[in-house]
Amino acid sequence: MPETLPLPPLQLEKAVFTAAEFASHFGHHKSWAYRLIYSHKIKVIHQFGKMMVPATEIEKILGSVDHYLGS
């Protein structure tokens, strides 16, 4: 198996993102983000009247990089 190089630190400009902003980081529509939120695959902050996705959730997804072995 080829050696994998560590990813450089992610430089995010904000601490939290809307669902649309979160999805755009991955080239998806905001409905993709809402599906992840409602299926509890990503965590959100929702106590202040607006659903916000912490930047740590983007880092978590990018940190899960692995080789694709097929389905």
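Let us look at the structure shown here. (Residues numbered from 1 in each chain as written. Predicted model: local features only at pLDDT ≥ 70, side-chain atom pairs only at ≥ 80, totals over all residues. Heavy atoms only, no water.)

The next subject is the overall build of the protein. Scanning the protein from N- to C-terminus turns up three helices and two strands. Starting at the N terminus and walking to the C terminus, you meet the elements of the protein as β-α-α-β-α. For the protein, the residues scored as buried account for 21% of the 71 residues in total. Of all intrachain contacts in the protein linking residues separated by at least 6 positions in sequence, the fraction that spans at least 24 positions is 46%. In the form shown here, the protein has an accessible surface area of approximately 5,700 Å², with 60% of it arising from carbon and sulfur atoms. (Helix = DSSP H or I, 4+ residues; strand = E, 2+ residues; numbered from the N terminus. Buried < 20%, exposed > 50% of the residue type's maximum accessible area, 1.4 Å probe, protein only. Contact = heavy atoms within 4.5 Å. Areas by Shrake-Rupley, 256 points an atom, 1.4 Å probe, with all protein chains shown as cover.)

This part takes up the packing of aromatic side chains. Under the counting rule described, the total for this entry stands at four aromatic pairs. Aromatic pair Phe22 and Trp32: ring centres 5.8 Å apart, planes at 15 degrees, arrangement stacked. Residue Phe22 is found in helix α1 (residues 19-24), and its partner Trp32 is found in helix α2 (residues 30-38); the two are separated by 10 residues along the sequence. With respect to burial, Phe22 and Trp32 carry one shared label: buried. (Phe/Tyr/Trp six-rings, centres within 6.5 Å; stacked < 30°, edge-to-face > 60°.)

Okay, the environment of Thr18 next. Note that Thr18 resides in the loop between β1 (16-17) and α1. Judged by relative accessible area, which is 24%, Thr18 ranks as partly exposed. Note: C-alpha distance between Thr18 and Ala33 (15 residues apart in sequence) is 9.2 Å. Excluding residues within four positions of it along the chain, Thr18 makes contact with Lys50 and Met51.

So, on to the pattern of salt bridges. Taken as a whole and assessed by the stated rule, the structure comprises two salt bridges. Glu21 serves as the salt-bridge partner of Lys14, at 2.8 Å between the closest nitrogen and oxygen. Given the relative accessible area of 35%, Lys14 is considered partly exposed. Residue classification places Glu21 among the partly exposed positions, given a relative accessible area of 27%. Glu57 is the partner of Lys60 in a salt bridge, and the nearest nitrogen-oxygen pair spans 2.9 Å. Pair noted here: Lys60 and Glu57 are both in helix α3 (residues 55-62), with a separation of three residues, about one helical turn. For Glu57, a relative accessible area of 6% corresponds to the buried category. (Salt bridge = Lys/Arg side-chain N within 4 Å of Asp/Glu carboxyl O.)

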